[in-house]
Amino acid sequence: MVKEKINSVRTYDEDGYRRRAACLCFKDESEQEILLVSSSKHKDKWVVPGGGIEPLEEPTLAAVREALEEAGAKGHLGRKIGDFENKEKKHRTSLYAFTVTDLLDEWEDGQIMGRQRQWFSIIEAKDHLAHKPVQVTYLDVLPKDLNGVVKR
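Residues numbered from 1 in each chain as written. Predicted model: local features only at pLDDT ≥ 70, side-chain atom pairs only at ≥ 80, totals over all residues. Heavy atoms only, no water.

## A short note on the packing of aromatic side chains
Inspection of every chain in the model, using the stated rule, returns two aromatic pairs. Where tryptophan 46 meets phenylalanine 120, the ring centres are 5.3 Å apart and the plane angle is 70 degrees; that geometry is what we call edge-to-face. Taken together, the residues span a long stretch of sequence, with tryptophan 46 in strand 3 (residues 46-47) and phenylalanine 120 in strand 7 (residues 117-121) at a distance of 74 residues. Given the relative accessible area of 4%, phenylalanine 120 is considered buried. Across the ring face of tyrosine 17, the terminal group of arginine 92 is positioned such that the distance to the ring centre comes to 3.9 Å. Directly above the ring of tryptophan 107 sits arginine 117, whose terminal nitrogen or CZ lies 3.9 Å from the centroid. (Phe/Tyr/Trp six-rings, centres within 6.5 Å; stacked < 30°, edge-to-face > 60°. Helix = DSSP H or I, 4+ residues; strand = E, 2+ residues; numbered from the N terminus. Buried < 20%, exposed > 50% of the residue type's maximum accessible area, 1.4 Å probe, protein only. Lys NZ or Arg CZ within 6 Å of the ring centre and 35° of its normal.)

Below you can see the structure in the form of structure tokens.
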């Protein structure tokens, strides 16, 4: 079951790409674990929380809204990680770091769609996101130390 928002209007950029925003929801400032949510289309697969930007909505606000709606996550929005393009699906996503301070026991997509959420190490997350190659690239751009550990 895919959630359809009432009166939802998709927005597009000057190239005709759908505008999206997403958050890498980190467990803490060390950025070693991220929160993934079960896919709305394939319950056995995991995705990064994100979705469409509404008309007149800033990407930062859309990213925070999506983290709350899809993962029940509240916290602090951090730096912009980058803009990512999916040519196949013709959308562009603005991605932000987000440090989670609170996880709601009940949240919109958990109640409506039965979405699950789970913490993963960066390496585990890459494995679980293999079906979403663009989302794997979200993690590939995180700065790493000489041992391959993500650093801030």
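## Notes on unusual backbone geometry
Even without a glycine there, the phi angle at glutamate 31 is positive, about 55 degrees. Position of glutamate 31 among the secondary structure elements: in the loop between strand 1 (18-26) and strand 2 (33-38). A positive phi is found at leucine 56, a non-glycine position, where the angle reads about 65 degrees. Positionally, leucine 56 belongs in the loop between strand 4 (50-52) and helix 1 (59-71). A residue is classified by how much of its surface remains accessible, and leucine 56, at 89% relative accessible area, is exposed.

## Let's talk about the pattern of salt bridges
This structure, assessed with the given rule, holds 12 salt bridges. Among the salt bridges present, the one from aspartate 13 reaches arginine 92, with a minimum N-O distance of 2.5 Å. Separated by 79 residues along the polypeptide, aspartate 13 in the segment before strand 1 and arginine 92 in strand 6 (residues 91-103) bring together distant segments of the chain. Measuring nitrogen to oxygen at the nearest pair gives 2.8 Å for the salt bridge that ties arginine 65 to glutamate 57. An identical accessibility class is assigned to arginine 65 and glutamate 57; each is buried. One salt-bridge network, held together by shared partners, links Asp13, Asp15, Glu85 and Arg92. (Salt bridge = Lys/Arg side-chain N within 4 Å of Asp/Glu carboxyl O.)

## Quick look at helix 4 (residues 133-140)
Within helix 4, burial applies to Gln135, Val136, Tyr138 and Leu139. For helix 4, the angular spread of buried residues about the axis comes to 140 degrees, placing them on one side. Buried positions along helix 4 lie against strand 1, strand 2, strand 3, strand 5 (73-86), strand 6 and helix 3 (122-128). (Arc of directions from axis to C-beta. Contact = heavy atoms within 4.5 Å.)

## Regarding the nonpolar core
Across soluble globular proteins, nonpolar side chains show a tendency to be buried alongside one another. If you look at the biggest cluster of nonpolar residues, it comprises 19 residues, and the most contacted ones within it are Leu24, Ile34, Leu36 and Leu139. Looking at this core, the elements that each hand over two or more residues are strand 1, strand 2, strand 5, strand 6, helix 3 and helix 4. If we skip the residues at most four places from it in the chain, leucine 139 touches Leu24, Ile34, Ile122, Ala125, Lys126, Leu129 and Lys144. One finds Cys23, Val47, Ile53 and Ala67 within the second-largest nonpolar core, a separate group that totals 15 residues. (Core = buried A, V, L, I, M, F, W, Y, C linked by side-chain atoms within 4.5 Å.)

## Section: the environment of valine 37
Mapped onto the elements of the fold, valine 37 is located in strand 2. As a C-alpha pair, valine 37 and isoleucine 123 span 86 residues in sequence and 16 Å in three-dimensional space.

## Quick notes on the pairing of strand 1
Counting buried positions along strand 1 gives seven out of nine residues, so the element sits mostly inside the fold. Examined bridge by bridge, strand 1 and strand 6 share nine bridges and lie parallel to one another. When the bridges of strand 6 are listed, cysteine 25 appears paired with phenylalanine 98. One ladder, built from three bridges, connects strand 1 with strand 4; its direction is antiparallel. (Pairing = 2+ DSSP bridges.)

Purely spatial values, then, with no claim about function.
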